[in-house]
Amino acid sequence: MAADPAPGWPGTSAWALDPDVSYLNHGGFGATPRCVQADQLTWRTALERNPTGFLVHQLPELLDGVRREVADFLRTGPEGIVFVDNATTGTQTVIAQTRLGAGDEIVVTDHCYPAVLAQLHRTAAAAGAVLRVASVPVEPPSRSWVTEAVMALVSGRTRLVIIDHVASCSGLVFPVDQITAECRRLGVAVLIDGAHAPGQVPVDLDRLAPDFWVGNLHKWVCAPKATAALYAAPRWRDQLLPLVGSHRLTEGYQAAFDWTGTRDPSALLSVPAALRFFAAAGWPAIWAHNNALARQGAALIAKSVGTAAPDPPDGMAAAMRLAGLPWQLTDAHAKELERRLLEQERVVVPVTSHAGAHWLRVSAQLYNSPGDYERLADALLRYQRERAHLV
Ligand SMILES: Cc1ncc(COP(=O)(O)O)c(C=O)c1O
């Protein structure tokens with residue numbers, strides 16, 4: 001098993017998670033450390049001392065400061081970055097403004113997040129456009145195999161390719177660099193759905209140079225909820241508008257997104273505190289630790305219940321891993337299993353599905369330990385024995 005976090009790294013007590021629960025769903029909504037929550041409260045207090053002074057006079061400069069830090073972290077300049085509440089808003093912003101005509105095509109994979117698919121279905125149906133879906137197994141043979149499977153569906157009718165940076169249903173890390181480069185060569189726009197990417201895998205936006213990229217900061221950067229960054233390539237910046245426009249709608253890309261009506265900016269202002277929280281440990285060490293723990297945790301569970309844990313080639317998996325279930329489940333049974341594990345076993349883990357099969361998706365964050373995965377394995381064995389008894 002992966003070693004416990006190194007001395008001096010933030011441990012379980014740095015988070016406010018219920019100590020009785022084994023929390024194996026960091027990927028779901030992240031979890032905000034205590035010190036970051038405290039920082040957010042400080043911002044809220046500052047705002048309420050003088051709401052007008054804060055929101056009208058201080059906020060623009062404060063947002064620029066956050067933007068600079070986020071841009072550095074994502075390895076790009078601040079000019080391309082705007083903030084949205086979450087990846088859902090980011091993807092919808094781009095999809096809603098993609099010019100589509102009858103017969104035009106959008107290419108996705110069968111790992112695409114269901115909410116994004118729902119957005120696409122609505123937009124495509126309204127325009128008479130067609131969705132083309134590349135099938136990618138949860139354990140593909142190589143990065144280039146995946147790139148070829150996606151690019152095989154790209155044609156002269158393709159108006160947008162949407163690729164998950166790290167997929168929700170599988171944890172698969174897609175070859176976004178290869179796919180983006182191929183699309184650029186063909187002049188096809190790419191939106192990378194990086195909901196799970198920042199803080200889970202390295203992100204280098206200048207090197208990737210996608211048309212659009214959106215990433216949550218409330219998941220693996222552990223910022224407060226409703227913090228996400230949206231990047232647009234230079235050629236899109238004078239066209240892309242927020243879904244909700246307000247006073248500054250006509251003042252340019254960043255001004256339009258910076259003010260979309262009155263809202264609480266404290267979560268966003270605490271993103272630097274979340275980045276500082278991880279700074280001492282350093283991202284490469286955190287990635288290595290979390291990846292190893294997730295891999296070993298999933299393997300332990302699969303071995304215990306007699307199934308397999310997909311082990312994609314190097315660079316195609318990170319801190320969310322699948323373990324097979326020993327039973328065929330319906331979606332309703334999957335929800336029931338999640339609930340039982342929480343209520344009777346105090347283990348939080350999502351059951352995901354891909355291509356008709358259900359999987360346990362375990363995450364690993366610094367607050368997790370090998371015992372969390374052992375607890376889940378024991379719970380599954382108990383459940384298995386009960387089912388055998390019932391049959
Ligand atoms: C790939 C992907 N895209 C989009 C989202 C939506 O994120 P949010 O609920 O923060 O908008 C998620 C959420 O888990 C996701 O996994």
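Notes on the structure in this doc start here. (Residues numbered from 1 in each chain as written. Predicted model: local features only at pLDDT ≥ 70, side-chain atom pairs only at ≥ 80, totals over all residues. Heavy atoms only, no water.)

1. Details of the sheet that holds strand β12 (residues 357–363)
Strand pairing in a sheet relies on backbone hydrogen bonds, with the paired strands running either antiparallel or parallel. Within the open sheet, the 3 strands sit side by side as β9-β12-β11. Their pairing is antiparallel. Of all the strands in the sheet, just β9 (320–324) and β11 (351–354) have a single pairing partner and so form its edges. Going across the sheet, the axis of each strand differs from the next one's by a mean of 45 degrees, ignoring polarity. In terms of strand pairing, β11 meets β12 through 4 bridges, oriented antiparallel. Its bridge partner lying in β12, T352 is registered against W359. Along the sheet, helix α12 (residues 283–305) makes contact with β9 and β12, crossing β9 at roughly 5 degrees. (Pairing = 2+ DSSP bridges. Helix = DSSP H or I, 4+ residues; strand = E, 2+ residues; numbered from the N terminus. Axes fitted to C-alpha atoms, helices over the stretch in contact; angles between N-to-C directions. Contact = heavy atoms within 4.5 Å.)

2. Notes on the sheet that holds strand β2 (residues 81–84)
Here we have 7 strands laid out as an open sheet, ordered β2-β8-β7-β6-β5-β3-β4, and mixed in their pairing. At either end of the open sheet lies a strand with only one pairing partner, and these are β2 and β4 (130–134). Within this sheet the neighbouring strands show an average axis-to-axis angle of 20 degrees, counted without direction. Pairing between strand β3 (residues 105–109) and β4: 5 bridges, direction parallel. Its bridge partner lying in β4, V107 is registered against R132. Most of the contacts of helix α3 (residues 51–73) go to β2, to which it runs at about 110 degrees, and overall it touches β2 and β8 (228–232).

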